[in-house]
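What follows is each chain in one-letter form.
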Amino acid sequence: MLPYAYDTFWGDRERRLKEKPNEDYTIRCQKQLNINCLSQLAMTAEILPLMRNKPNDGRYLGDYKGIIISLSSFTGRQPIPFWGTYTACKGFNLYFSDSLARENIWSTNDIIFQTQHPMEVTTSMAPTELPSLRAPRPEDYVESALK
């Protein structure tokens, strides 16, 4: 969930208040956190015990019981002006996934943790972008990530 592109945090707040005067801006911020951060945390919390408790028969991934692929962003690697909330959320995705990967190595080491950091993918968040090597279609990006 991306705020208005290239606007300050203050400018985004003021614009939202004019567009939707009955919507509390903190609710909008909470929606961003729920979609960009809490969803990853909650899904990982649900899936991880299922993977950990799965018997390892070695048929599919050798010694691994599964893979968790997290979606961060190129913007999550360093703060970017005008996208403060978004880059902070994507930084959370990166650090959360990397923390779990390190924890896994030092404990059971039986799950693969992978974090993706795309620049652009041709979705509704990049409505003017045409599919290319720099900005692949979502289907192509997912296929590449799974390989």
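Everything discussed here concerns the structure shown above.
Residues numbered from 1 in each chain as written. Predicted model: local features only at pLDDT ≥ 70, side-chain atom pairs only at ≥ 80, totals over all residues. Heavy atoms only, no water.

## Regarding the overall build of the protein chain
Selection rule: We count a stretch as a helix when DSSP gives it H or I for four or more residues in a row; a strand needs E for two or more, and each element gets its number in order from the N terminus. Three exposure classes are used, based on accessible area relative to the maximum for each residue type with a 1.4 Å probe and protein chains only: buried under 20%, partly exposed in between, and exposed over 50%. Where accessible areas are quoted, they stem from the Shrake-Rupley method and a 1.4 Å probe; at the residue level, only the protein chains shown are allowed to cover.
Within the protein chain one finds 4 helices and 2 strands. In the protein chain, the order of α-helices and β-strands from amino to carboxyl end is α-α-β-α-β-α. Across the 147 residues of the protein chain, 35% fall into the buried class. A total accessible area of about 9900 Å² is found for the protein chain, and carbon and sulfur atoms account for 61% of it.

## A short note on the packing of helix α1 (residues 9-19) against helix α2 (residues 25-52)
Here is the rule: Simply put, an axis is a line fit to the C-alpha atoms, just over the touching stretch for a helix, and the angle between two N-to-C directions goes from 0 to 180 degrees. We call a crossing left-handed when the near helix sits turned anticlockwise from the far one by less than a right angle, and right-handed when that turn is clockwise. Throughout, a residue-residue contact means that at least one pair of heavy atoms, one from each residue, lies within 4.5 Å. Polar here means any residue other than Ala, Val, Leu, Ile, Met, Phe, Trp, Tyr, Cys and Pro, which are nonpolar, and Asp, Glu, Lys and Arg, which are charged; Gly is therefore polar.
In contact at an axis separation of 10 Å, α1 and α2 are set at 115 degrees when each is read in the N-to-C sense. Pair α1 / α2 crosses with right-handed handedness. Counting all contacts with α1, which are made through F9, D12, R13 and R16, the residues of α2 involved are Y25, R28 and C29. Each residue belonging to the contact of α1 with α2 can be placed in one class, and the counts come to 3 nonpolar, no polar and 4 charged.

## Examining the nonpolar core
Just so we agree on the cut-off: Throughout, nonpolar core names a set of buried Ala, Val, Leu, Ile, Met, Phe, Trp, Tyr and Cys residues whose side chains join them through atoms within 4.5 Å.
L48, M51, I68, F96, L100, A101, I111 and F113 together form the largest nonpolar core, which totals 8 residues. Mapped onto this core, the elements with two or more residues apiece are α2, α3 (84-106) and β2 (111-116). Ranked by residue count, the leading element in this core is α3, at 3 residues.

## Overview of the side chain of N93
Quick note on the threshold: Any N or O atom pair separated by 3.5 Å or less is treated as a polar contact, with the protein-specific requirement of one donor-capable and one acceptor-capable atom, and with residues adjacent in sequence counted only for side-chain atom pairs.
Tracing the backbone shows N93 in helix α3. A distance of 2.6 Å separates the side chain of N93 from the side chain of Q40, its partner in a polar contact. Ignoring any residue separated from it by four or fewer positions in sequence, one finds N93 in contact with N36, C37, Q40, L71 and S72.

## So, α2
To keep things clear, this is the line we draw: Expected span, for any helix, means 1.5 Å times one less than how many residues it has. At every residue, the bend is computed as the angle between two fitted axes, covering the seven residues ending there and the seven beginning there respectively.
Its 28 residues give α2 an end-to-end C-alpha distance of 39 Å, which sits within 8% of 40 Å, the value for a rise of 1.5 Å per residue. At L38, α2 shows its maximal bend, which comes to roughly 45 degrees. Burial in α2 covers these residues: Y25, R28, C29, Q32, N36, C37, Q40, T44, L48 and M51. Buried residues belonging to α2 abut α1, β1 (66-71), α3 and β2.

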